[in-house]
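Chains, contacts and geometry: an overview
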Amino acid sequence: MGRHAAGLSYLRAIAEGEYDSAGFLIPDKTHNDNFIKAFSQLVLKDKKLRVEIFNHDKLSNSNKYGGLFIHDPQIGNFGLYRSKFGNSSFSIVGITHTTMSMGVINFISDLYSKPAMEWDALICTSPSVKSSIMKIVDYQEEFLKNKFQAKKFPRPQLPIIPLGIHSRDFNFSLSQRDNARKEMGINEDDVVLIFVGRLSFHAKAHPFAMYKALDYASKKLKKDQKIHLIQAGWFPNDFIENVFVDEARQVCPDVICHFVDGRKNNIKMNSLAASDIFISLSDNFQETFGITPLEGMASNLPVIVSDWNVGSVSNTAIFDPPIALSLIHISEPTRRYAISYAVFCLK
């Protein structure tokens, strides 16, 4: 899941950063040993980092670290925990991932009914996230005006801060690329596209547009060339897996499809190393940022993404000069291979 990858990247940034000490709130003491073991593996061998672990009774210890960062939008609930020590004792910073679930919507509505203060913050990972949060906030303010004649609505700050990755992890050598392609039975002149993420048509992206575009593109290649599509992810159940596989056979029969377990990091990294183009045509309202396009760009791949959900995914991709995402003409020298084919109609 994207939020898990984002959390791991954040912990790595702390472990590898220029910090002398770090504090962690671990509410359940039974998890202390597991956390210490996992975090210790992230700390560089020549680095010394003093780690303090505390529970809710010592929540005020957050003050010496500049505040408390939590991995979700529950600023209101943690504001209740903080109230024991005083609302001004330290700041709480939360972060959004998806904003479509009822639980997250309720957390955002709690910004007015629980002690979330103006010196707190809820990080929005993209403009689309902030837009959706503002709609919830505006609705809640209107409700409070009508029921309680409220006039003041102090709320946390809502900065837009994109998620990040450790780009050096994706600096693949040509030998890595060649070995990965050989393992997957990909010829040197074949064209490889990769999709990374959940393989779910209701919770990520329906594959039809991608399959149809690649079927069209496959007819434009040289006779001895093939298109390979690597879908590195996981299926929520057997029914959805069968739909993906069957549709690939029907819609793009000339495209060689590889379904691999993207939850295993070594498989995902080998798949990225073997690829020429990254593609993610997300069409789901829960998509708020998109870490995988960053991984595609870090892998030195041209990236094809959908202009969807007020630009949540397309905001991730940075193009210079800007291009229209509704029509992308692929004419991109990728490493030592020149690829020029097709027009992808993404809308």
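Scoring rules and cut-offs
Residues numbered from 1 in each chain as written. Predicted model: local features only at pLDDT ≥ 70, side-chain atom pairs only at ≥ 80, totals over all residues. Heavy atoms only, no water. Axes fitted to C-alpha atoms, helices over the stretch in contact; angles between N-to-C directions. Helix = DSSP H or I, 4+ residues; strand = E, 2+ residues; numbered from the N terminus. Parallel < 35°, antiparallel > 145°, perpendicular 65-115°, else oblique. Left-handed = near helix turned anticlockwise from the far one by under 90°. Contact = heavy atoms within 4.5 Å. Nonpolar A, V, L, I, M, F, W, Y, C, P; charged D, E, K, R; others polar. Expected span 1.5 Å × (residues − 1). Buried < 20%, exposed > 50% of the residue type's maximum accessible area, 1.4 Å probe, protein only. Core = buried A, V, L, I, M, F, W, Y, C linked by side-chain atoms within 4.5 Å. Polar contact = N/O pair within 3.5 Å; in protein donor to acceptor, adjacent residues only side chain to side chain. 1 Å grid on protein atoms, 1.4 Å probe; cavity = no way out; pocket = protein on both sides within 12 Å on 5 of 7 lines; lining within 4 Å. Points joined across faces, edges and corners; volume = space filled by probe spheres on them.

Where helix 7 (residues 208-218) contacts helix 8 (residues 238-251), the two axes come as close as 9 Å, and the packing angle between them is 30 degrees. The pairing of helix 7 with helix 8 is recorded here as roughly parallel in orientation. Crossing angle aside, the handedness with which helix 7 passes helix 8 is right-handed. Residues F208, Y211, K212 and D215 of helix 7 touch helix 8, and the partners they reach there are F244, E247, A248 and V251. Looking at the contact of helix 7 with helix 8 residue by residue, the classes come out as five nonpolar, no polar and three charged.

Its 22 residues give helix 5 (residues 127-148) an end-to-end C-alpha distance of 31 Å, which sits within 8% of 32 Å, the value for a rise of 1.5 Å per residue. For helix 5, the complete set of buried residues consists of S128, V129, I133, I136, V137, Q140, E141 and L144. The inward-facing, buried residues of helix 5 abut helix 4 (102-113) and strand 5 (121-123). Directly after helix 5, the chain includes Q149, whose backbone phi takes a positive value near 55 degrees.

Our focus in this paragraph is the nonpolar core. Counting residues in hydrophobic clusters, the biggest one holds 23 residues, and the most contacted among them are L68, I75, I108 and I133. Residue assignment for this core shows that the elements contributing at least two residues are helix 3 (75-82), helix 4 and helix 5. At five residues, the largest contribution of residues to this core is made by helix 5.

For D120, the location among the structural elements is in the loop between helix 4 and strand 5. The exposure class assigned to D120 is buried, which follows from its relative accessible area of 0%. A polar side-chain atom of D120 sits 2.8 Å from the main-chain amide nitrogen of I92. Apart from residues lying up to four places away in sequence, D120 is in contact with I75, R82, F90, S91, I92, P115, P156 and Q157.

On to empty space enclosed by the protein. All told, the structure shown has one cavity of 30 Å³ or more when counted by the stated rule. The calculated volume of the largest cavity comes to roughly 60 Å³. Lining the largest cavity are F195, R198, L199, S200, A205, H206, P207, M210, Q231, F244 and L281. In terms of residue class, the lining of the largest cavity is built from seven nonpolar, three polar and one charged.

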